[in-house]
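The primary structure of each chain is shown beneath.
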Amino acid sequence: MQPAASAREPVRAKELRKTCLSLGMMARLLCALLVVCIFPRLLAGQSDDLLSRVWDGIQQAQKKYTSMCGTITETRTSSLMTKPLVLRGKFCAEGTTRFALDYFEPSSMSIRFNENYVNVTAGGNTEVMEIGKSVRRAQSYFGREGSLGNLKKNFTITVQEDSRDYQMKLVPRTDTFRSRLNYMIVKLDKQDFQLRSLEVDGKSGVNSVFAIDVNSMNPKIQADTFEVSKPK
């Protein structure tokens, strides 16, 4: 027997809270910083020109594209689900500190991340969380000197290249990440070095693939797009 829709909303809210971190921070922070950390190790035997081209492209993209908007399709599967759950929505991001995601199918749900706070609204209820310390910790982890050592310690990383994308698969090596994650696959477009898809396979048994289509680069986004409530 399937639970009522109202009973499913809190569960979806908790799952999509993770989605906010995956898309907001990962799209603008991890995808850039992981590449710069990964490629020196994995492409050591390949052309220095290729490595330089990838790194230079990422640097230029981060400087060139400071905001973006687009659409997102999440396909979620699990052994407990009779068929995949497909969620469709739209998003806007500004830097690494502001992110807005609105799912409109199969049900309405919104996520807002602004500096220190994240709001998840579903079924008329809004969950308010303070995550500033966690965000700063992640930024420090992936951005500080020695981040390559952190990645080598915690992940086994493989990189593939085709005519359109760079694909990176990260498999946890330590319990810090292994307890929550089986693997993660990141795809970057070779032309503009933007995130095209993200696959997260979790220990919960849920696999989510996020297909991302950026349709607006450097738009002027209204400030209230990222408006959040703060804990009382």
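Check the entry above for the structure.
Numbering of residues starts from 1 in each chain and follows the order in which that chain's sequence is written. Local features in this predicted model are restricted to residues of pLDDT 70 or higher, and side-chain atom pairs are both shown and tallied only at a pLDDT of 80 or more, whereas totals for entire chains, interfaces and linings draw on every residue. Hydrogens and water are ignored here; the side-chain numbers use all heavy atoms of the structure.

S.K.: Run through the sheet that holds strand β4 (residues 109–114), naming residues and quoting values.
M.R.: Paired through backbone hydrogen bonds, the strands of a sheet run either parallel or antiparallel to each other. Strands are treated as partners if at least two bridges between them are detected by DSSP. Only DSSP runs of H or I reaching four residues or more are called helices, and only runs of E reaching two or more are called strands; each is numbered from the N terminus. Across the sheet, 11 strands lie side by side as β6-β5-β4-β3-β2-β1-β11-β10-β9-β8-β7; this open sheet has antiparallel pairing. Both edges of this open sheet fall to β6 (125–130) and β7 (155–161), since each of them pairs with a single strand only. If you compare each strand with its neighbour and ignore which way they point, the axes differ by 15° on average. With 6 bridges joining them, strand β5 (residues 117–122) and β6 adopt antiparallel strand pairing. Each axis is a line fitted through C-alpha atoms, and for a helix only the stretch in contact is used; angles between axes span 0 to 180 degrees, taken between their N-to-C directions.

S.K.: Before we move on, can you summarise the nonpolar core with the specific residues and values?
M.R.: In terms of nonpolar packing, the biggest core is built from 32 residues, with Ile72, Phe91, Leu101, Tyr103, Met184 and Val186 touching the most fellow members. Among the nonpolar cores identified, the runner-up in size contains 5 residues, and Cys69, Cys92, Ile221 and Phe226 belong to it. The nonpolar core is taken to be a set of buried Ala, Val, Leu, Ile, Met, Phe, Trp, Tyr and Cys residues, with the residues joined through side-chain atoms within 4.5 Å. Categorising residues by exposure relies on relative accessible area from a 1.4 Å probe, with only protein chains included: less than 20% of the type maximum marks a residue as buried, more than 50% marks it as exposed, and the intermediate range marks it as partly exposed.

S.K.: An account of the state of the cysteines is needed here, citing residue identities and associated values.
M.R.: Criterion for a disulfide: a pair of cysteine sulfur atoms at a distance within 2.5 Å. Taken as a whole and judged by the stated rule, the model has 1 disulfide. Across the disulfide from Cys69 sits Cys92; the S-S distance is 2.0 Å. Taking the torsion about the sulfur-sulfur bond, which here is approximately 110°, the covalent link between Cys69 and Cys92 counts as right-handed. Of this pair, Cys69 sits in strand β1 (residues 67–78) while Cys92 sits in strand β2 (residues 85–94), placing them 23 residues apart in sequence. By the burial criterion, Cys69 is buried, and Cys92 matches it.

S.K.: Lay out the side chain of Asp201 with the relevant residues and their values.
M.R.: For Asp201, the position within the fold is in strand β10 (residues 195–202). No salt bridge is formed by the buried Asp201. Its closest oppositely charged neighbour is Lys203, at 7.5 Å. Pairs of N or O atoms are called polar contacts if they sit within 3.5 Å, as long as, within protein, a hydrogen donor faces a hydrogen acceptor (for residues adjacent in sequence, only side-chain-to-side-chain pairs). Polar contacts involving the side chain of Asp201 include one to the side chain of Asn207, which spans 2.8 Å. Residues within four places of Asp201 in sequence aside, it is in contact with Leu181, Asn182, Tyr183, Val206 and Asn207. Think of it this way: Lys and Arg go in the positive column, Asp and Glu in the negative one, and His and the chain ends go nowhere. The rule for a salt bridge is simple: a side-chain nitrogen of Lys or Arg has to be within 4 Å of a carboxyl oxygen of Asp or Glu. It only takes one pair of heavy atoms within 4.5 Å for two residues to be counted as in contact.

S.K.: Give me the pattern of salt bridges: which residues, what numbers.
M.R.: All told, the structure shown has 8 salt bridges when counted by the stated rule. Lys190 is paired through a salt bridge with Glu161; the nearest N and O atoms lie 2.6 Å apart. Linking Lys190 in the loop between β9 (181–189) and β10 with Glu161 in strand β7, this pair joins segments that are 29 residues apart in sequence. Here the salt bridges do not stand alone but share partners, grouping Asp189, Asp192 and Arg196 into one network.

S.K.: Explain the environment of Ile221 to me, using residue names and the numbers behind them.
M.R.: Looking at where Ile221 falls in the secondary structure, it is placed in the segment after β11 (206–217). The class of Ile221 is buried, set by a relative accessible area of 14%. With 154 residues separating them along the chain, Ile221 and Ser67 place their C-alpha atoms 8.0 Å apart. Beyond its immediate chain neighbours, meaning those up to four positions away, Ile221 contacts Ser67, Met68, Cys69, Cys92, Ala93, Glu94 and Phe226.

S.K.: Explain the packing of aromatic side chains to me, and be specific about the residues and the numbers.
M.R.: Between 30 and 60 degrees the pair is tilted, below 30 it is stacked and above 60 it is edge-to-face, where a pair is any two Phe, Tyr or Trp rings, Trp via its six-membered ring, whose centres lie within 6.5 Å. For the coordinates displayed, the defined rule picks out 3 aromatic pairs. Ring centres of Phe91 and Phe99 lie 6.0 Å apart, and the angle between their planes is 25°; on these two criteria the pair is classed as stacked. Judged by relative accessible area, which is 8%, Phe91 ranks as buried. Here Phe99 falls in the buried class, since its relative accessible area comes to 3%. On the basis of an interplanar angle of 40° and a centroid distance of 4.8 Å, the ring pair of Phe155 and Phe177 is categorised as tilted. Of this pair, Phe155 sits in strand β7 while Phe177 is found in helix α5 (residues 175–178), placing the two residues 22 residues apart along the sequence. Across the pair, exposure class does not vary: Phe155 and Phe177 are buried alike. Criterion for a charge above a ring: Lys NZ or Arg CZ within 6 Å of the ring centre, and within 35 degrees of the ring normal. Above the ring of Tyr183, the side-chain terminus of Lys169 is found at 4.8 Å from the ring centroid.

S.K.: Give me the lowdown on the pairing of β4, citing residues and values where you can.
M.R.: Burial analysis of β4 places 6 of its 6 residues in the buried class, which makes it a mostly covered element. Pairing of strand β3 (residues 98–105) with β4 involves 6 bridges; the strand directions are antiparallel. Its bridge partner being in β4, Asp102 is matched across the sheet by Ser110. The hairpin formed by β3 and β4 contains 3 residues between the paired strands. Of the strand pairs in this sheet, β4 and β5 are connected by 6 bridges, and their pairing is antiparallel. In the sheet register, Phe113 faces β5, and the bridge partner there is Val118. Two successive antiparallel strands, β4 and β5, enclose a turn made up of 2 residues, where Glu115 displays a positive phi of approximately 60°.

Read these as layout, nothing more, since geometry by itself doesn't imply function.
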